[in-house]
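Fold and geometry: a report
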Amino acid sequence: MKEEIITEVSKQLVNKATEFLEKIVNPPLKELGGLLADKMKYWRFRNQVNTIIQAEKFLKEKNIKPEKVPLKPLFSLLEYSSWEEDQSMQIKWASLLANYANPEFSNDINLCYVEILNQLTPIEVKILDILYDAYYDKPSNLKNPPVFSKDKIFNFVNTKKEKQLIIIDNLFRLNLLQSTASHNGVLVGEFPISLRTYDAIEFTPLGLDFVKQCRFQ
């Protein structure tokens, strides 16, 4: 009798959990019957398959023969991408996977890029893309890379003002962007040390390469 009561309570809890998730997540949970765990496994598996297929499509379009990808970044990439619901971010995961399998880039891609992409939001990725396009807009920019202010960056991206510093700080934290030392810095011997400023922001070498590897061009 007690076991039947416990089972019935468990079913009620699962149903309530499913109903709530249907309100707060985009993937339609009614695609498959069965328990919540089965539905989530299906959704994640579908995302993984889509990432792999898109990466293969990128390579085929360029007539590039893929090479073996190290298991460590591959498993992490597929794990993280399986949770991705934003389409623009799914393209980034597929692009990174394609570049890992691209003989031209595979040996040069830092293993940390999978972890970095997993810690970015779609709006942060959009900001990086905008700055990257501006960086390579003109050949002269390579000699004199553009410097951005926080206010200028958010002229291109619509977000709440109180979130802007948090977004920039996260990009600083991941060492994708940095304050420009020549604008607001000090010298320690021959080495310029930049102080934190939001008025003069530029790419780090890591940031430039990261954005490049998350695009398939």
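Residues numbered from 1 in each chain as written. Predicted model: local features only at pLDDT ≥ 70, side-chain atom pairs only at ≥ 80, totals over all residues. Heavy atoms only, no water.

**Brief notes about the nonpolar core**
Stated formally: Here, the term nonpolar core denotes a set of buried Ala, Val, Leu, Ile, Met, Phe, Trp, Tyr and Cys residues that are joined through side-chain atoms within 4.5 Å. For the exposure calls, accessible area comes from a 1.4 Å probe over protein chains only, and a residue counts as buried if that area is under 20% of its type's maximum, exposed if over 50%, partly exposed in between. Contacts are assigned to residue pairs that have any heavy atoms within 4.5 Å of one another.
If you look at the biggest cluster of nonpolar residues, it comprises 45 residues, and the most contacted ones within it are L96, L120, L128, F203 and F210. Those residues within four positions of F203 in sequence are excluded, and the remaining contacts are L128, L131, Y132, Y135, L176, L177, Q178, L208 and V211.

**Quick word on the packing of helix α3 (residues 71-81) against helix α4 (residues 87-100)**
The test is simple: The convention used is that axes are lines fitted to C-alpha atoms, helices contributing only their stretch in contact, and that angles between N-to-C directions extend from 0 to 180 degrees. By definition, any uninterrupted DSSP run of H or I lasting at least four residues is a helix, any uninterrupted run of E lasting at least two residues is a strand, and each is numbered from the N terminus. Oblique is the label for any angle not covered by the other classes, which are roughly parallel (under 35 degrees), roughly antiparallel (over 145) and roughly perpendicular (65 to 115). By definition, any crossing whose near helix is turned counterclockwise from its far helix by less than a right angle is left-handed, and any crossing with a clockwise turn is right-handed.
The contact between α3 and α4 brings their axes to 10 Å, and the two run at 165 degrees. Considering their axes alone, α3 and α4 lie roughly antiparallel with respect to each other. As for the relative orientation of α3 and α4, their crossing is left-handed in sense. Contacts between α3 and α4 involve P73, L74, L77, Y80 and S81 on the former and, on the latter, W93, L96, L97 and Y100.

**A short note on the pattern of salt bridges**
How we decide: We define a salt bridge as a side-chain nitrogen of Lys or Arg found within 4 Å of a carboxyl oxygen belonging to Asp or Glu.
Enumeration over the complete set of coordinates arrives at six salt bridges. Salt-bridge contacts for E79 lead to R44; the nearest nitrogen and oxygen are separated by 2.9 Å. Taken as a pair, E79 in helix α3 and R44 in helix α2 (residues 36-61) lie far apart in primary sequence, 35 residues in all. We note a salt bridge from D129 to R215, for which the minimum N-O separation is 3.1 Å. Taken together, the residues D129 in helix α6 (residues 122-135) and R215 in the segment after α9 (205-213) connect sequence positions 86 residues apart. Of the two residues, D129 and R215, neither departs from the other in class, the shared state being buried.

**Brief notes about α9**
For α9, the full list of buried residues reads G207, L208, F210, V211 and Q213. Contact partners of the buried residues in α9: α4, α5 (112-118), α6 and β4 (201-203).

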